[in-house]
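Structural characterization, general
Take a look at the letters that make up each chain.
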Amino acid sequence: MEVDISSMMGKDEPEPAEEAPADEQTIKDNIADGLDEAFAKRLAGDVVTHTDSDVQDRATYTERRTAEIKMFRGDVKPLGYPTPGAKAPHLPLTTKTCLRIWAKIVGDLLAPKKDLVGTLPVGPNDEEGARNAGKYMNWQVQVGLRGWPQGFAATVMQSTAFGDAVRYAGWDLKENRLNVEWLSIDDVVWPRGERTNDPRLMDVDRITRIRRQTRREIEQWADDGFYSKTAVDALFADLSVDVDAPTPPTGGDAPEQTVKGQSMLTQQVISIDGVQQARTPGRREIYEQWTWAKLPNRDRQQPIAVWVDKAKSTILRIVVAEVADPRDKARLSREQKAIDIEHQNNMASYQQDAQQMTMQGQEPPPPPVPRQPTPVKMVRFSPFIHYPFYPDPEG
């Protein structure tokens, strides 16, 4: 079954200007440059240590997933005795089943010219408004969110084939829009022992996305204001490495190098005029961890998001990852309206009393001050959504 989603991408539709939601604005401030040096070093070390530990703890899961991928692709070991080397017969029933499930789900939901969101009028004069709202919401899902149809299709495929899929929703500072990505479960890790039924993973202590970025991309993110410019400049200030091998290779695949006992990304070492120099590194591993910490000069533990370069344990970005509770924001809005009405009534009474006191030669008291509403409750923000197609017995 072939699914045509090209007609949904809206090549000619005008795209409305977007602004970051107020909640997103609260987690955009990078405080990496103002951190205490000792605290930053300890936090970066904890991020690297905990992530490496989480990756190691899921070794059994990774091995099983590798076997599933081979089975899905039809990679079967050649036969042994009595016909050594012969190709083993293989009927990829699992592959066919997954593809049929995927085609059914994606075909039903992403069919061309089919609305994904339906709206109903709430009154006799609301039919046109409901239709317009439905058109706008469907446009946002099908066109406004970059790559949503392809990402949805990939998410369904990953869920049906391997049992897990993760989506990531974050604000793109460069394009000033919401960006939704689908991630391989290999690139997202959390403690295997923590079981949760929450698809947002809110009750998991830490979730880490493993990014692999080139120097150009890292420096571009720093120029755009996402990473700390100071931290990135320091990261690439010295590209020299301590060579483990007595005679470093001059071409091909170089062995993994180490700096201060920490694993660095693979890179090549070449000789220029008799001087050994390292070529510009390839991709660096950046650990993006959403966790909890008590920041300096703060009175409580807060949810944070921190981006750490694994090789040098350098914090590139850290933000406080908490936003206003949507339900409590509605309560605050109602309370503020009640306070405004109450203050208007009090001011009307005060003006009458003040006028009478002035006529009697008395000095009126100061005007009443409106009472302050209860501050809105802050909750943890998580960009992850976990789609478990079937439960994992290992957590």
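This is a predicted model, so every value here is computed, not measured.

**Brief notes about the pattern of salt bridges**
Pairing between side chains of opposite charge can happen when the charged atoms of each approach one another. Within this structure, the stated rule accounts for 17 salt bridges. The partner of Glu288 in a salt bridge is Arg211, with the nearest N and O atoms 2.6 Å apart. Taken together, the positions of Glu288 in strand S9 (residues 283–293) and Arg211 in strand S4 (residues 207–214) put the pair 77 residues apart, joining distant regions of the chain. The same class applies to Glu288 as to Arg211, namely buried. The partner of Glu285 in a salt bridge is Lys310, and the shortest N-O contact between them spans 3.5 Å. Of this pair, Glu285 sits in strand S9 while Lys310 is found in the loop between strand S10 (302–309) and strand S11 (314–320), placing the two residues 25 residues apart along the sequence. One salt-bridge network, in which partners are shared between bridges, spans Asp52, Asp187, Arg212, Glu285 and Lys310.

**Examining the packing of aromatic side chains**
Across all of its chains, the model carries eight aromatic pairs by this definition. A centroid spacing of 5.1 Å and a plane angle of 80° characterise the contact between Trp221 and Phe226, whose relative ring orientation is edge-to-face. On the basis of relative accessibility, which here comes to 14%, the residue Phe226 falls in the buried class. Here the aromatic rings of Phe226 and Tyr227 are separated by 5.5 Å at their centres, their planes lie at 55°, and the arrangement is tilted. For Tyr227, a relative accessible area of 2% corresponds to the buried category. Three or more aromatic residues joined by ring pairs make a cluster, and in this case those are Tyr168, Trp221, Phe226, Tyr227, Trp290, Trp307, Phe381 and Phe384.

**What about helix H2 (residues 37–57)?**
For an α-helix the count is 3.6 residues per turn, leaving residues at separations of three or four pointing the same way. The first and last C-alpha atoms of H2 sit 30 Å apart over 21 residues, in line with the 30 Å expected at 1.5 Å per residue. What H2 keeps buried is the set Phe39, Ala40, Leu43, Ala44, Val47, Val48, Thr51 and Asp54. Down the axis, H2 shows its buried residues gathered within 160° of arc, on one side only. Residues Lys41, Thr49, Gln56 and Asp57 are exposed on H2 and point more than 90 degrees away from its buried face. With a side-chain oxygen lying 3.2 Å from the backbone nitrogen of Ala38, the N-terminal cap of H2 falls on Asp36.

**Considering the sheet that holds strand S2 (residues 177–183)**
One open sheet accounts for three strands, arranged S2-S1-S14; its pairing is antiparallel. Single-partner strands in this sheet number two, and they are S2 and strand S14 (384–388). Across this sheet, the average inter-strand angle for adjacent strands is 20°, counted without regard to direction. Pairing between strand S1 (residues 164–172) and S14: five bridges, direction antiparallel. What sits directly across from Tyr168, in S14, is Phe384.

**Comments concerning the side chain of Asp309**
Relative to the helices and strands, Asp309 resides in strand S10. Side-chain polar atoms of Asp309 contact the backbone nitrogen of Lys312, separated by 3.0 Å. With near-sequence residues (within four places) excluded, Asp309 lies in contact with Leu235, Arg284, Glu285, Ile286, Thr314 and Leu316.

**Some details on the pairing of S11**
Most of S11 sits inside the fold, with six of its seven residues counted as buried. Direction of pairing for S10 relative to S11: antiparallel, over a ladder of six bridges. Bridge pairing in S11 places Ile304 opposite Val320. Taking the residues between adjacent antiparallel strands as the criterion, S10 and S11 are bridged by four residues, where Ser313 takes a positive phi near 50°.

How each quantity is defined
Residues numbered from 1 in each chain as written. Predicted model: local features only at pLDDT ≥ 70, side-chain atom pairs only at ≥ 80, totals over all residues. Heavy atoms only, no water. Salt bridge = Lys/Arg side-chain N within 4 Å of Asp/Glu carboxyl O. Helix = DSSP H or I, 4+ residues; strand = E, 2+ residues; numbered from the N terminus. Buried < 20%, exposed > 50% of the residue type's maximum accessible area, 1.4 Å probe, protein only. Phe/Tyr/Trp six-rings, centres within 6.5 Å; stacked < 30°, edge-to-face > 60°. Expected span 1.5 Å × (residues − 1). Arc of directions from axis to C-beta. Polar contact = N/O pair within 3.5 Å; in protein donor to acceptor, adjacent residues only side chain to side chain. Pairing = 2+ DSSP bridges. Axes fitted to C-alpha atoms, helices over the stretch in contact; angles between N-to-C directions. Contact = heavy atoms within 4.5 Å.

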